[in-house]
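# Secondary and tertiary structure notes
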Amino acid sequence: KRPDWFAVIGLPKDVTQPQMRLSYVTWQESVDPLIVVELLSPSTEKDDLGQRLRDVTKPPTKWDVYERWLRVPYYVVFSRYTNELRIFTLNGSRYQEVRDHQNRFWVEDIELGLGVWQGRYLNENYLWLRWYGRDGQWIPTADERAEQEAHRAAHEAQRAEAERIEKEAALRQAHEAQMREQRMAAKLRALGIDPDQE
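Residues numbered from 1 in each chain as written. Predicted model: local features only at pLDDT ≥ 70, side-chain atom pairs only at ≥ 80, totals over all residues. Heavy atoms only, no water.

## Section: the sheet that holds strand β3 (residues 74–79)
In plain terms, the rule: Note on pairing: two strands pair once DSSP finds at least 2 bridges between them. In DSSP terms, a helix is any run of H or I states spanning at least four residues, a strand is any run of E spanning at least two, and both are numbered starting from the N terminus. With axes taken as lines fitted to C-alpha atoms, and helix axes fitted only over the stretch in contact, angles between N-to-C directions fall between 0 and 180 degrees. By the convention used here, residues are in contact when the closest approach between their heavy atoms is within 4.5 Å.
The strand order β1-β2-β3-β4-β5 describes an open sheet built from five strands, whose pairing is mixed. For this open sheet the edge positions go to β1 (5–7) and β5 (94–98), each flanked by a neighbour on one side alone. Here the strands of the sheet are splayed against their neighbours by 20° on average, with no regard to which way each runs. On the sheet, helix α2 (residues 62–69) packs against β2 (35–40), β3, β4 (85–91) and β5 and is oriented at approximately 105° with respect to β5.

## Side note on the sheet that holds strand β7 (residues 112–121)
One open sheet accounts for three strands, arranged β6-β7-β8; its pairing is antiparallel. Taken across any chain shown, the strands that pair with only one partner, and hence form the sheet edges, are β6 (104–107) and β8 (124–132). On average, each strand axis in the sheet is inclined to that of its neighbour by 30°, with strand direction left out of account. Bridge count between β6 and β7: four bridges; the pairing is antiparallel. The residue bridging Trp-106 from the neighbouring strand is Gly-113, located in β7.

## Some words on unusual backbone geometry
Here Arg-71, not a glycine, exhibits a phi torsion of approximately 55°, which is positive. Position of Arg-71 among the secondary structure elements: in the loop between α2 and β3. At Asn-83, a position not held by glycine, the phi torsion is positive, near 60°. Tracing the backbone through its elements, the reader meets Asn-83 in the loop between β3 and β4.

## Comments concerning the pairing of β4
A regular strand places its side chains on the two faces of the sheet in alternate fashion. Condition: Relative accessible area decides the class of each residue, using a 1.4 Å probe on protein chains only: under 20% of the type maximum gives buried, over 50% gives exposed, and in between gives partly exposed.
With respect to burial, β4 is a largely interior element, five of its seven residues being buried. Pairing analysis gives five bridges linking β3 to β4, with the strands arranged antiparallel. Its bridge partner lying in β4, Val-76 is registered against Ile-87. Relative to β5, β4 runs antiparallel, the two sharing five bridges. Note on β5: the bridge partner recorded for Asn-91 is Arg-94. Connecting β4 to the antiparallel partner β5 that follows it, the hairpin turn spans two residues, and Gly-92 within it adopts a positive phi of roughly 70°.

In short, the description is geometric, and any link to function would need to be established separately.
Okay, here's the thing in C-alpha coordinates:
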(Lines give C-alpha, C1' and ligand atoms only; values in the text may rest on other atoms or scores of the structure.)
Protein backbone atom coordinates (compact mmCIF):
# COMPACT_ATOMS: atom_id res chain seq x y z
CA LYS A 1 0.00 0.00 0.00
CA ARG A 2 1.26 3.41 -0.91
CA PRO A 3 -0.33 6.70 0.14
CA ASP A 4 -0.67 9.72 -2.11
CA TRP A 5 1.36 11.73 0.38
CA PHE A 6 2.81 11.10 3.82
CA ALA A 7 5.20 12.63 6.34
CA VAL A 8 7.64 10.84 8.60
CA ILE A 9 9.22 12.85 11.41
CA GLY A 10 12.49 11.93 13.10
CA LEU A 11 13.89 9.80 10.34
CA PRO A 12 17.66 10.12 9.88
CA LYS A 13 18.88 11.66 6.62
CA ASP A 14 20.45 9.47 3.99
CA VAL A 15 24.10 10.51 4.36
CA THR A 16 24.88 9.42 0.80
CA GLN A 17 22.12 11.71 -0.56
CA PRO A 18 21.71 14.47 2.08
CA GLN A 19 19.44 16.63 -0.11
CA MET A 20 16.85 13.97 -0.86
CA ARG A 21 15.80 10.64 0.54
CA LEU A 22 15.09 8.40 -2.44
CA SER A 23 13.02 5.75 -0.67
CA TYR A 24 11.17 4.88 2.49
CA VAL A 25 9.79 1.46 3.32
CA THR A 26 8.22 0.77 6.69
CA TRP A 27 9.80 -2.65 7.14
CA GLN A 28 13.31 -1.16 6.95
CA GLU A 29 12.67 1.96 9.03
CA SER A 30 12.26 2.48 12.73
CA VAL A 31 9.77 5.33 12.37
CA ASP A 32 6.22 5.07 11.01
CA PRO A 33 4.45 7.95 9.23
CA LEU A 34 2.95 10.69 11.39
CA ILE A 35 0.38 11.73 8.81
CA VAL A 36 -1.00 10.21 5.61
CA VAL A 37 -2.98 12.08 2.97
CA GLU A 38 -5.15 10.29 0.43
CA LEU A 39 -6.74 12.04 -2.54
CA LEU A 40 -9.99 10.21 -3.14
CA SER A 41 -11.05 8.82 -6.44
CA PRO A 42 -14.40 7.15 -7.05
CA SER A 43 -12.75 3.77 -7.66
CA THR A 44 -10.87 3.69 -4.32
CA GLU A 45 -13.12 5.81 -2.08
CA LYS A 46 -14.66 2.92 -0.12
CA ASP A 47 -11.27 1.32 0.54
CA ASP A 48 -9.67 4.65 1.50
CA LEU A 49 -12.49 5.42 3.95
CA GLY A 50 -12.70 1.94 5.48
CA GLN A 51 -16.23 1.42 4.14
CA ARG A 52 -15.61 -1.89 2.40
CA LEU A 53 -15.59 -5.16 4.30
CA ARG A 54 -12.24 -6.79 3.85
CA ASP A 55 -12.07 -9.97 1.84
CA VAL A 56 -9.59 -12.18 3.75
CA THR A 57 -8.30 -13.57 0.46
CA LYS A 58 -7.23 -10.08 -0.67
CA PRO A 59 -4.70 -7.60 0.71
CA PRO A 60 -5.93 -5.22 3.41
CA THR A 61 -7.31 -1.82 2.44
CA LYS A 62 -5.26 1.33 2.95
CA TRP A 63 -7.54 2.25 5.84
CA ASP A 64 -6.75 -1.07 7.55
CA VAL A 65 -3.01 -0.68 6.99
CA TYR A 66 -2.92 2.88 8.34
CA GLU A 67 -5.23 2.22 11.29
CA ARG A 68 -4.26 -1.28 12.43
CA TRP A 69 -0.74 -2.03 11.24
CA LEU A 70 1.07 1.30 10.97
CA ARG A 71 -1.13 3.09 13.50
CA VAL A 72 -0.69 6.42 11.70
CA PRO A 73 -1.85 9.14 14.15
CA TYR A 74 -3.35 11.44 11.49
CA TYR A 75 -5.18 10.29 8.38
CA VAL A 76 -6.42 13.00 6.00
CA VAL A 77 -8.69 12.32 3.05
CA PHE A 78 -9.50 14.95 0.44
CA SER A 79 -11.96 14.50 -2.41
CA ARG A 80 -11.06 16.53 -5.46
CA TYR A 81 -14.53 15.77 -6.79
CA THR A 82 -16.57 17.09 -3.86
CA ASN A 83 -13.85 19.32 -2.31
CA GLU A 84 -14.53 17.63 1.02
CA LEU A 85 -11.76 17.37 3.58
CA ARG A 86 -12.08 14.60 6.15
CA ILE A 87 -9.66 14.21 9.02
CA PHE A 88 -9.24 11.18 11.22
CA THR A 89 -7.14 10.84 14.35
CA LEU A 90 -6.14 7.59 15.97
CA ASN A 91 -8.05 7.22 19.21
CA GLY A 92 -6.98 4.03 20.93
CA SER A 93 -7.04 1.40 18.20
CA ARG A 94 -9.55 3.09 15.85
CA TYR A 95 -9.77 6.21 13.76
CA GLN A 96 -12.17 8.86 14.96
CA GLU A 97 -13.32 11.56 12.55
CA VAL A 98 -12.65 15.17 13.53
CA ARG A 99 -15.85 17.16 13.12
CA ASP A 100 -16.32 20.92 12.59
CA HIS A 101 -12.73 21.53 11.52
CA GLN A 102 -13.68 24.36 9.13
CA ASN A 103 -11.32 22.92 6.46
CA ARG A 104 -8.28 23.47 8.71
CA PHE A 105 -6.60 21.12 11.13
CA TRP A 106 -3.68 21.88 13.44
CA VAL A 107 -1.09 19.11 13.93
CA GLU A 108 0.60 20.03 17.21
CA ASP A 109 3.28 17.32 16.81
CA ILE A 110 4.84 19.25 13.91
CA GLU A 111 3.48 22.71 14.74
CA LEU A 112 1.84 23.00 11.34
CA GLY A 113 -1.71 23.00 10.15
CA LEU A 114 -3.19 21.49 7.02
CA GLY A 115 -6.12 23.13 5.32
CA VAL A 116 -7.99 23.73 2.10
CA TRP A 117 -6.85 26.76 0.13
CA GLN A 118 -8.45 28.28 -2.97
CA GLY A 119 -5.88 29.62 -5.38
CA ARG A 120 -3.60 29.27 -8.35
CA TYR A 121 -0.87 26.62 -8.19
CA LEU A 122 0.87 24.87 -11.10
CA ASN A 123 -1.12 27.18 -13.41
CA GLU A 124 -4.41 25.75 -12.16
CA ASN A 125 -7.00 27.53 -10.03
CA TYR A 126 -8.52 24.96 -7.64
CA LEU A 127 -9.02 24.08 -4.04
CA TRP A 128 -5.71 22.67 -2.80
CA LEU A 129 -4.46 21.14 0.42
CA ARG A 130 -1.89 23.44 1.94
CA TRP A 131 0.16 23.83 5.11
CA TYR A 132 -0.17 26.87 7.34
CA GLY A 133 1.79 28.18 10.31
CA ARG A 134 0.86 29.00 13.88
CA ASP A 135 -0.09 32.52 12.76
CA GLY A 136 -2.72 31.03 10.43
CA GLN A 137 -0.86 32.18 7.30
CA TRP A 138 -0.28 29.73 4.45
CA ILE A 139 3.29 28.51 4.10
CA PRO A 140 4.56 30.09 0.85
CA THR A 141 5.24 27.87 -2.13
CA ALA A 142 8.59 28.10 -3.90
CA ASP A 143 7.02 30.38 -6.54
CA GLU A 144 5.47 32.58 -3.85
CA ARG A 145 8.79 32.81 -1.99
CA ALA A 146 10.52 33.85 -5.25
CA GLU A 147 7.79 36.44 -5.89
CA GLN A 148 8.06 37.75 -2.31
CA GLU A 149 11.84 37.99 -2.71
CA ALA A 150 11.44 39.83 -6.02
CA HIS A 151 8.99 42.29 -4.34
CA ARG A 152 11.37 42.73 -1.41
CA ALA A 153 14.31 43.36 -3.79
CA ALA A 154 12.23 45.84 -5.85
CA HIS A 155 11.13 47.63 -2.67
CA GLU A 156 14.74 47.77 -1.46
CA ALA A 157 15.85 49.15 -4.84
CA GLN A 158 13.11 51.83 -4.67
CA ARG A 159 14.16 52.73 -1.13
CA ALA A 160 17.83 52.97 -2.16
CA GLU A 161 16.89 55.13 -5.18
CA ALA A 162 14.79 57.43 -2.96
CA GLU A 163 17.73 57.76 -0.55
CA ARG A 164 20.08 58.55 -3.47
CA ILE A 165 17.70 61.24 -4.81
CA GLU A 166 17.28 62.71 -1.32
CA LYS A 167 21.05 62.80 -0.81
CA GLU A 168 21.58 64.44 -4.22
CA ALA A 169 18.92 67.06 -3.39
CA ALA A 170 20.59 67.79 -0.05
CA LEU A 171 23.97 68.15 -1.78
CA ARG A 172 22.43 70.42 -4.42
CA GLN A 173 20.79 72.59 -1.74
CA ALA A 174 24.07 72.82 0.18
CA HIS A 175 25.92 73.76 -3.03
CA GLU A 176 23.28 76.40 -3.90
CA ALA A 177 23.49 77.84 -0.36
CA GLN A 178 27.29 78.01 -0.65
CA MET A 179 27.00 79.77 -4.03
CA ARG A 180 24.53 82.31 -2.57
CA GLU A 181 26.91 82.89 0.30
CA GLN A 182 29.81 83.47 -2.10
CA ARG A 183 27.74 85.91 -4.21
CA MET A 184 26.68 87.80 -1.11
CA ALA A 185 30.30 87.97 0.08
CA ALA A 186 31.38 89.30 -3.33
CA LYS A 187 28.68 92.05 -3.21
CA LEU A 188 29.76 93.04 0.28
CA ARG A 189 33.39 93.25 -0.82
CA ALA A 190 32.33 95.41 -3.78
CA LEU A 191 30.76 97.80 -1.27
CA GLY A 192 33.99 97.82 0.75
CA ILE A 193 32.73 95.58 3.56
CA ASP A 194 34.83 92.62 4.63
CA PRO A 195 32.31 89.73 5.14
CA ASP A 196 34.87 87.73 7.13
CA GLN A 197 35.07 90.40 9.87
CA GLU A 198 32.73 90.07 12.81
